[in-house]
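Structure at a glance
Okay, here's what each chain looks like letter by letter:
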Amino acid sequence: MLKQIPTHLIAGPLGAGKTSLIRQLLAQRPAHERWAVLINEFGQIGLDAALLSRDEDGLSFSEVAGGCLCCVNGVPFQVGLGRLLRKARPDRLFIEPSGLGHPSSLLEQLGQAPWEGVLAVQPLLMVLDAAALAADRPLADNQRDALPHAGLLVLNKSEEVDEASRARIARSLPHALYWTSQGLLPFDRLPLADAVATVTDGRCLPDGPLPAVTVWRRAEEPICLVQDQPEGWSIGWRWHPSQRFDLLRVQQWLTSLPWRRAKLVVQTNAGWLSVNALEGQALHWQNSEWRKDSRLELIFAGAQNEATLRAGMAACRL
């Protein structure tokens, strides 16, 4: 097993571009290094691993779905991370918490037992939406509380932010800033502390049974999970890989809904496509390498009519 694994916490609000930034970093991985990524999502289905999926040796992904990673002392997180480290034996670890989580709590707890000495936690990297800041949309308290702990603030989506707005934002964020778009960040700009992964005994890492994985009873019947928490309400689907969807119907259905966040990877009549959108944004479809199943997760500000959403999703199936 490894100890003193350089560990990067990539935090930030919903839709700021955390997944895009990690994807850009993965493209810069040295061929001789093994990297691992642990992803937490607010919903129960888990989409980011599918969105990041790439056919490449030396990369390992794991998900902790549901809730927020501020509950780092919970069994799912402890077992999930312990198993990822044992399986991947990574030279570097990235952790992406939910945009609705609490980065400062997670940062503190990762430096405590049982992770102390196993993980060399690097200075926090926070991804912020520069366009939202320029429009004076406030950060949520859980994100603002983490700002003093950040080693670097990446101001993403900055291509349309003028110089006057940049200066105003910079005055309100007295930290090291990096302005970018589409999550582009050179690897050498990661905030780093001295750490080199070394081999040690891994038997001290948490282990145990993970929550049972739900399987399909029939190919035509999806797994559908709902979550209701103070931070929001989510509904997610996993469809058997044999199922296909009409792209135009999916587009029209999603456009009619008041979601805060929409993530999906689906097999359509135009192939395997993905979307990762925030409220108010147009749906931008991209080709996906994911082939294991079709997944969709929607986050709303408050509870929705579950039966209506189930029917709407099913009506998109070919």
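Data block above holds the structure.
Read on for an overview of the structure. Just so we're clear, the structure is a prediction, and the values are computed from it rather than from any experiment.

Rules used in this analysis
- Residues numbered from 1 in each chain as written.
- Predicted model: local features only at pLDDT ≥ 70, side-chain atom pairs only at ≥ 80, totals over all residues.
- Heavy atoms only, no water.
- Salt bridge = Lys/Arg side-chain N within 4 Å of Asp/Glu carboxyl O.
- Buried < 20%, exposed > 50% of the residue type's maximum accessible area, 1.4 Å probe, protein only.
- Helix = DSSP H or I, 4+ residues; strand = E, 2+ residues; numbered from the N terminus.
- Contact = heavy atoms within 4.5 Å.
- Pairing = 2+ DSSP bridges.
- Core = buried A, V, L, I, M, F, W, Y, C linked by side-chain atoms within 4.5 Å.
- Phe/Tyr/Trp six-rings, centres within 6.5 Å; stacked < 30°, edge-to-face > 60°.

1. Here we look at the pattern of salt bridges
- For the coordinates displayed, the defined rule picks out 8 salt bridges.
- For R217, the salt bridge identified is with E221, shortest N-O distance 2.4 Å.
- Residue class for R217 comes out exposed when judged on its relative accessible area of 70%.
- Sharing partners across several salt bridges, the network here consists of R217, R218, E220 and E221.

2. Topic: the environment of V250
- Residue placement: V250 occurs in helix α8 (residues 247–255).
- Given the relative accessible area of 1%, V250 is considered buried.
- Considering only alpha carbons, one finds V250 and G312, 62 residues apart in sequence, at a separation of 8.9 Å.
- Discounting chain neighbours no more than four positions away, the residues touching V250 are F245, L264, W285 and C316.

3. A word on the environment of V79
- In this fold, V79 is placed in helix α3 (residues 75–88).
- Along the chain, V79 and V64 lie 15 residues apart, while their C-alpha atoms are 9.7 Å from each other.

4. Things to note about the sheet that holds strand β16 (residues 294–300)
- Taken together, the 6 strands give an open sheet; going across it, the order is β11-β12-β16-β13-β14-β15, and neighbouring strands pair in antiparallel fashion. Here the strands that pair on one side only, and so sit at the sheet edges, are β11 (223–229) and β15 (286–287).
- Across 5 bridges, the pairing between strand β13 (residues 261–268) and β16 is antiparallel. Directly across from A262, in β16, lies its bridge partner L298.

5. Describing the nonpolar core
- Formed by 34 residues in total, the largest nonpolar core has its most connected members in L93, L119, M126, L128, L153, L155 and L173.
- Among the secondary structure elements, those contributing two or more residues to this core are β2 (5–11), β3 (35–41), α3, β5 (92–96), α4 (103–110), β7 (124–129), α5 (130–134) and β8 (150–156).
- The leading source of residues in this core is α3, at 5 residues.
- Beyond its immediate chain neighbours, meaning those up to four positions away, M126 contacts A11, G12, Q143, A146, L147, A150, L152, L153 and V154.
- If you look at the next biggest cluster of nonpolar residues, it comprises 25 residues, including W237, F245, L273 and L298.

6. As for the packing of aromatic side chains
- All chains considered together, the criterion is met by 5 aromatic pairs.
- Ring centres of W233 and F300 lie 5.9 Å apart, and the angle between their planes is 55°; on these two criteria the pair is classed as tilted. Of this pair, W233 sits in strand β12 (residues 232–239) while F300 sits in strand β16; the two residues are 67 residues apart in sequence, bridging distant segments of the chain. Accessibility assignment for this pair places W233 and F300 in one class, buried.
- Here the aromatic rings of W239 and F245 are separated by 5.2 Å at their centres, their planes lie at 80°, and the arrangement is edge-to-face.
- Looking at F245, the relative accessible area reads 0%, which means it is buried.
- These aromatic residues form a ring-pair network of at least three members: W35, F94 and F187.

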